[in-house]
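Structure assessment
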Amino acid sequence: MPSTHDDPDRRQPAAGPGLTVALLLVAAAAVAAAATGHRVPATAGALALVGLSLARQAVTGRRHRQQLDHAVAAARRDPLTGLPNRALAEEMLTSASRGGAPITVALVDVNGLRAINNELGYAAGDAYLRLVAGGLAEAVPPHGVLVRLGGDEFLLLAWGTDPQGLAARIGAGLAGPATIGGFRARPRVSAGIATTATTGGGLIDARHALARADSVVAGIKRDGGDQIRVFDPARDAEPARDGTRPVLRPRDSAPGTDTGPA
């Protein structure tokens, strides 16, 4: 059985809130007595020093906690767009899967970013990403959140929103032209949308809905990009339960379709 003399935490018990308040009261009384010219007993003076020391520690602790909170909040934000980052998206997808409430997922891949970076520089590319983020932010419904996953990908999660309605909102948010690096340009994206609500009245997992949206985006890219589509099982490849998608879409394997390498 270990001895209490070997445990520094037991030799020096932490001061609880009540003890701290008492010491602060003694400290205040000692300071007031000294200010009026009265003699302060040695014990009271020592307690005053302890109380002031605890007060400084409390202030420092609060400051450190505030700094830590700010650091955690900053770590969950994308510095370029100010949007929440992938960490929040992962939490919300997990929560949506556990909660079972229907959710619509839109995966947005920005088109043309590499060309802008190469032709106009990365500052113009950053401006283009902020432009797209602003347009997508306008498309977020009241019960929704927009996240930057990283690179040229964004994720929009919306509760109680019809997939077709969300597609229309995204199209409207990105409709207007803008100036990038002195050139007028229209934001171009490949956006895939899927929902956890199935036609049979059941629900699929939120991450499976995201995998479906990713499958839609892959199909849009094969077709040249710059489109907004809702998942269609007759057109888009159905992903496996782990999120991986087949190489071929249903229409790619149709009779008479060339499925060989380009």
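Read on for a plain summary of the structure. Within each chain, residues carry numbers counting from 1 in the order of the written sequence. The model is predicted, so local features are restricted to residues of pLDDT at least 70 and side-chain atom pairs to those at 80 or more, both for listing and for counting; the totals for chains, interfaces and linings are taken over all residues. Water and hydrogen atoms were dropped before computing side-chain values, which therefore reflect all heavy atoms in the structure.

**A few points about the overall build of the protein**
Convention followed: Helix and strand definitions follow DSSP, with helices as H or I runs of at least four residues and strands as E runs of at least two, each counted in order from the N terminus. Residue burial is assigned from relative accessible area. The probe radius is 1.4 Å, only protein chains are included, and a residue is buried under 20% of its type maximum, exposed over 50%, and partly exposed in between. The contact criterion used is simple: two residues touch if any of their non-hydrogen atoms lie within 4.5 Å. Values of accessible area rely on a 1.4 Å probe in the Shrake-Rupley scheme; residue burial ignores everything except the protein chains shown.
When helices and strands are tallied, the protein shows eight helices and seven strands. Taking all 262 residues of the protein together, 35% fall into the buried category. Counting contacts in the protein only where the partners sit at least 6 residues apart, residues at least 24 apart contribute 61% of the total. As displayed, the protein offers around 15100 Å² of accessible surface, 57% of which is attributable to carbon and sulfur atoms.

**Here's the deal with the layout of surface pockets**
By rolling a water-sized probe across the atoms, one finds the places where empty space is left. Inclusion rule: Cavity and pocket criteria rest on a 1 Å grid covering protein atoms alone: a 1.4 Å probe that fits but cannot get out defines a cavity, protein on both sides within 12 Å along at least 5 of 7 lines defines an open pocket, and an atom within 4 Å of a point defines a lining residue. Grid points are joined across faces, edges and corners, and a volume is the space filled by probe spheres set on the points. By the convention adopted, Pro, Cys, Tyr, Trp, Phe, Met, Ile, Leu, Val and Ala count as nonpolar, Lys, Arg, Asp and Glu as charged, and the other residues, Gly among them, as polar.
For the largest pocket, the calculated volume is near 270 Å³. Lining the largest pocket are 16 residues, and of these Arg86, Glu90, Leu93, Arg207 and Leu210 sit closest to its centre. Going through the elements one at a time, α4 (86–99), β3 (153–159) and α8 (206–222) are the ones with two or more residues in the lining of the largest pocket. Sort the elements by how many residues they give to the lining of the largest pocket and α8 lands first, with five residues. Here the residues of the lining of the largest pocket sort into seven nonpolar, two polar and seven charged.

**Some thoughts on the sheet that holds strand β7 (residues 227–230)**
Put simply, the rule reads: Any two strands with at least two DSSP-identified bridges between them are counted as paired. As a rule, the C-alpha atoms of each element are fitted with a line to give its axis, helices using only the stretch in contact, and angles between N-to-C directions run from 0 to 180 degrees.
Reading across the sheet, the five strands line up as β2-β3-β1-β6-β7 and stay open at both edges, with mixed pairing between neighbours. A strand with exactly one partner marks an edge of an open sheet, and here the two such strands are β2 (144–150) and β7. Each strand of the sheet is rotated relative to its neighbour by a mean of 15°, with strand direction disregarded. Inspection of the sheet shows strand β1 (residues 103–110) paired to strand β6 (residues 189–195) by seven bridges, in the antiparallel sense. Residue pairing for β6: Val108 is matched across the bridge by Ala191. The sheet strands contacting α8 are β1, β3, β6 and β7, and the helix crosses β6 at an angle near 145°.

**A closer look at the pattern of salt bridges**
Should their charged atoms come close, side chains of opposite charge can pair. Selection criterion: Whenever Lys or Arg places a side-chain nitrogen within 4 Å of a carboxyl oxygen from Asp or Glu, that contact is recorded as a salt bridge.
Taken as a whole and judged by the stated rule, the model has nine salt bridges. Here Arg186 ties to Asp226 by a salt bridge, and the two come within 2.6 Å at their closest N and O atoms. With Arg186 in the loop between β5 (183–185) and β6 and Asp226 in the loop between α8 and β7, this pair connects stretches of sequence that are 40 residues apart. Here Arg186 falls in the partly exposed class, since its relative accessible area comes to 41%.

**A short note on the side chain of Asn117**
Looking at where Asn117 falls in the secondary structure, it is placed in helix α5 (residues 113–120). Residue classification places Asn117 among the buried residues on the basis of a relative accessible area of 15%. Aside from chain neighbours lying at most four places away, what touches Asn117 is Tyr122 and Gly125.

**A short note on helix α6 (residues 122–139)**
The test is simple: A helix is expected to span 1.5 Å multiplied by its residue count minus one.
Here α6 spans 26 Å end to end across 18 residues, near enough to the 26 Å set by a 1.5 Å rise per residue. Three or more residues of α6 are buried, namely Ala124, Gly125, Tyr128, Leu129, Val132, Ala133, Gly135, Leu136 and Ala139.

**Comments concerning the pairing of β6**
Along any regular strand, the residues point their side chains to alternate faces of the sheet. In terms of burial, β6 is largely enclosed, as seven of its seven residues are buried. Side chains of β6 alternate between two faces, with Val189, Ala191, Ile193 and Thr195 and Ser190, Gly192 and Ala194 buried alike.

**Things to note about α4**
Put simply, the rule reads: By definition, the arc is the one covered by directions from the helix axis to the C-beta atoms. Under the rule applied, a polar contact is a pair of N or O atoms within 3.5 Å (in protein, one hydrogen donor and one hydrogen acceptor; residues adjacent in sequence only if both atoms are side-chain atoms).
Given a rise of 1.5 Å per residue, 14 residues ought to cover 20 Å, and the 20 Å separating the end C-alpha atoms of α4 matches this to within 8%. Looking at α4, one finds that the buried residues are Leu88, Ala89, Leu93 and Ala96. In an axial view of α4, the angular spread of the buried residues amounts to 135°, which keeps them on one side of the axis. For α4, the elements touching its buried residues are β1, β2, β3 and α8. N-capping of α4 is provided by Asn85, with a side-chain oxygen placed 3.1 Å from the backbone N of Ala87. Gly100 occupies a position one or two residues after α4 and carries a positive phi of about 80°.

Functional significance is not addressed by these values, which are geometric in nature.
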